[in-house]
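Residue strings, one per chain:
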Amino acid sequence: MWSVVLLLLEVTLACAGTHYLKYFFTAVSGDIDFPEFTIVGQVDEEQMRSYFDSNTKKTVPKTEWIKQKEGADYWDTQTQLTAGTHHAFRNNIQVAKDRCAHIPADSLLQKSSSSSVSCHATGFYPSGVTISWMRNGLDNCINVDLGELLPNEDGTFQKISTIRVTPDEWKKNQFSCVVEHRGKTIREILTEKEIRTNRAQAQSVSNLMSSSDQTGDSVHVGIIVFAVVLLIVTGAAGYMVYLKKRGEDGQL
């Protein structure tokens, strides 16, 4: 589950050494009651000149003097420009999310040849992951225990699911652990070759199962915001040049 990512970008343009025009770009990602993208134009840090948001998909004048100065064609052009900027912001935020994602590695663990088998997924980010078991190609929910989501020191996550099955049972049937994360699927089939049973790994399983009170669901908002800033600066630069040119022509 992704938390909110908020990005603010301010662009300042000077006109004839007399007035200042600022544009505030705000991009939001996540479950929040706020437009995904907004641009607010402000003159001399007081008057709101124009406004655009991704809900209305229109750039509109906010003061009487600008309404009288510019006609409908001007605002249609502004709407097209800001809509393109919105599209670039949205794409770049998604790229940043994808670059920050980590795919899980999983393994099958067992304390002894007669104990339960645990499927351990670790090193994944973000935290949303699904671990399930299959028996002979069909979903199996019998004798399955799902552990808590736990954080790793590097900011990724781990989770474990255990199935209670006898050696005779899993040797006569095909049991497999299925790990799904961000559209990727990893499947491990229960075989003696795949199951790890050394003591160090057994202790890891024991620690995981006894740490049910440790859970976490955090995101590296700072990393994501930094990545998004790097990605959108190039796209915003073209828009800034266009606005500055219009300002020099006296069409603010």
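Rules used throughout
Residues numbered from 1 in each chain as written. Predicted model: local features only at pLDDT ≥ 70, side-chain atom pairs only at ≥ 80, totals over all residues. Heavy atoms only, no water. Disulfide = S-S within 2.5 Å. Helix = DSSP H or I, 4+ residues; strand = E, 2+ residues; numbered from the N terminus. Buried < 20%, exposed > 50% of the residue type's maximum accessible area, 1.4 Å probe, protein only. Salt bridge = Lys/Arg side-chain N within 4 Å of Asp/Glu carboxyl O.

### Let's talk about the state of the cysteines
Turning to step 1, where the next piece is worked out: Under the defined criterion, the tally for this structure stands at one disulfide.
Turning to step 2, where the next piece is worked out: Cys119 shares a disulfide with Cys177; S-S distance 1.9 Å. Every disulfide takes its handedness from the sign of the S-S torsion; for Cys119 and Cys177 that torsion is -80°, giving left-handed. With Cys119 in strand β7 (residues 117-124) and Cys177 in strand β13 (residues 175-181), this pair connects stretches of sequence that are 58 residues apart.
Turning to step 3, where the next piece is worked out: According to the relative accessible area criterion, Cys119 is buried, its value standing at 0%.
Turning to step 4, where the next piece is worked out: Residue classification places Cys177 among the buried residues on the basis of a relative accessible area of 0%.

### Focus: the pattern of salt bridges
Turning to step 1, where the next piece is worked out: Across all of its chains, the model carries five salt bridges by this definition.
Turning to step 2, where the next piece is worked out: For Lys67, the salt bridge goes to Glu64, with nearest N and O atoms at 3.6 Å. Note that Lys67 and Glu64 are positioned in helix α1 (residues 64-69) at a spacing of three residues, about one turn of the helix.
Turning to step 3, where the next piece is worked out: Here Glu64 falls in the exposed class, since its relative accessible area comes to 52%.
Turning to step 4, where the next piece is worked out: When the shortest N-O distance is used, the salt bridge between Arg135 and Glu169 registers 3.3 Å. Here the residue Arg135 occupies a position in strand β8 (residues 130-135), and Glu169 occupies one in helix α3 (residues 167-172), the gap between them amounting to 34 residues.
Turning to step 5, where the next piece is worked out: Assessed through its relative accessible area of 31%, Arg135 is described here as partly exposed.
Turning to step 6, where the next piece is worked out: The class of Glu169 is partly exposed, set by a relative accessible area of 29%.

Everything listed here is a matter of coordinates, which is why it stays silent on function.
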